[in-house]
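# Structural description and commentary
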Amino acid sequence: MSTDRTRLIGDAAIEILADLGMRGLTHRAVDAAAGLPAGSTSNLARSRAALLELALARLTELEDEHFAELLTQPLPVDRREAMVELLAVSTYKMTGVDRRRSVARYELALEATRRPELRAVYDDIGRRYREPSVAMFAAAGTSDPARHGRQLVAFTEGLLFDAVVGAGGAPTLGDLRAAFAEYLSAVFRDASPT
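### Describing the overall build of the protein chain
- Scanning the protein chain from terminus to terminus reveals ten helices and zero strands.
- Ordering the α and β elements of the protein chain from the N terminus gives α-α-α-α-α-α-α-α-α-α.
- Each principal axis of the C-alpha atoms in the protein chain carries an extent, and together these give about 60 × 30 × 30 Å.
- Across the 194 residues in the protein chain, those meeting the buried criterion constitute 43%.
- Put simply, of all contacts in the protein chain between residues at least 6 apart along the chain, 68% involve residues at least 24 apart.
- Summed over its atoms, the accessible surface of the protein chain is roughly 9900 Å², and 54% of this surface lies on carbon and sulfur atoms.

Quick look at the structure:
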């Protein structure tokens, strides 16, 4: 995002999505939540579609910061315990400290199913999270890294969804460590020695 005002508007939009859902997200509501003069949001994002894309761009920026270690460094395929820890801690933060952000992301994901222009942006962002997973499994020598990478993202999303909006409740860090250890153990059973 380019400016402080853009970030402020994006942050306000995310908070509104978390508090009020998609129906509460209006230009006027964002102006009020951000403490800006009326019309500030519409000057930056003229249409609802533009406002949704701005919110998604800001959310992506925040999640990129959250997942920086996962996205920018090769995962330690030779140290499964380190992989488990990295995945568990990141997921734990998304179900606790960053829970509201997760709620906003689900709001945007559902809206993307109805808006092709938002779907294209959302899918492009999703690839940035799947590619490191595929690379990790390729480096580990699993039989189908592309499938395993997609499945890891799906597994993580399932844990998040259940914790944030499902009936599962918030998992402990220990719960997540056990879940990722079991999952990776199953996937790596067919990996060739590295």
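Anyway, onward from the coordinates.
### Regarding the environment of N43
- Here N43 shows up in helix α3 (residues 40–44).
- Accessibility expressed as a relative area gives 56% for N43, which makes it exposed.
- Distance from N43 to L152, taken between C-alpha atoms, is 40 Å for residues 109 residues apart in sequence.

### Observations concerning the environment of E85
- Inspection of the secondary structure puts E85 in helix α6 (residues 80–95).
- According to the relative accessible area criterion, E85 is partly exposed, its value standing at 31%.
- C-alpha of E85 to C-alpha of A178: the two residues are 93 residues apart in sequence and 9.8 Å apart in space.
- Here the side chain of E85 touches R177 through a polar contact of 2.6 Å, side chain to side chain.

### A look at helix α7 (residues 99–112)
- Here α7 contains 14 residues, and its C-alpha end-to-end distance of 20 Å stays within 8% of the 20 Å for a straight helix at 1.5 Å per residue.
- Of all the 14 residues making up α7, ten are buried; the element is thus mostly covered by neighbouring parts of the structure.
- All of the buried residues along α7 are R101, S102, V103, A104, R105, Y106, L108, A109, E111 and A112.
- Its buried side turned inward, α7 meets α1 (4–20), α4 (48–66), α6, α8 (116–140) and α9 (145–164).

Rules used in this analysis
- Residues numbered from 1 in each chain as written.
- Predicted model: local features only at pLDDT ≥ 70, side-chain atom pairs only at ≥ 80, totals over all residues.
- Heavy atoms only, no water.
- Helix = DSSP H or I, 4+ residues; strand = E, 2+ residues; numbered from the N terminus.
- Buried < 20%, exposed > 50% of the residue type's maximum accessible area, 1.4 Å probe, protein only.
- Contact = heavy atoms within 4.5 Å.
- Areas by Shrake-Rupley, 256 points an atom, 1.4 Å probe, with all protein chains shown as cover.
- Polar contact = N/O pair within 3.5 Å; in protein donor to acceptor, adjacent residues only side chain to side chain.
- Expected span 1.5 Å × (residues − 1).

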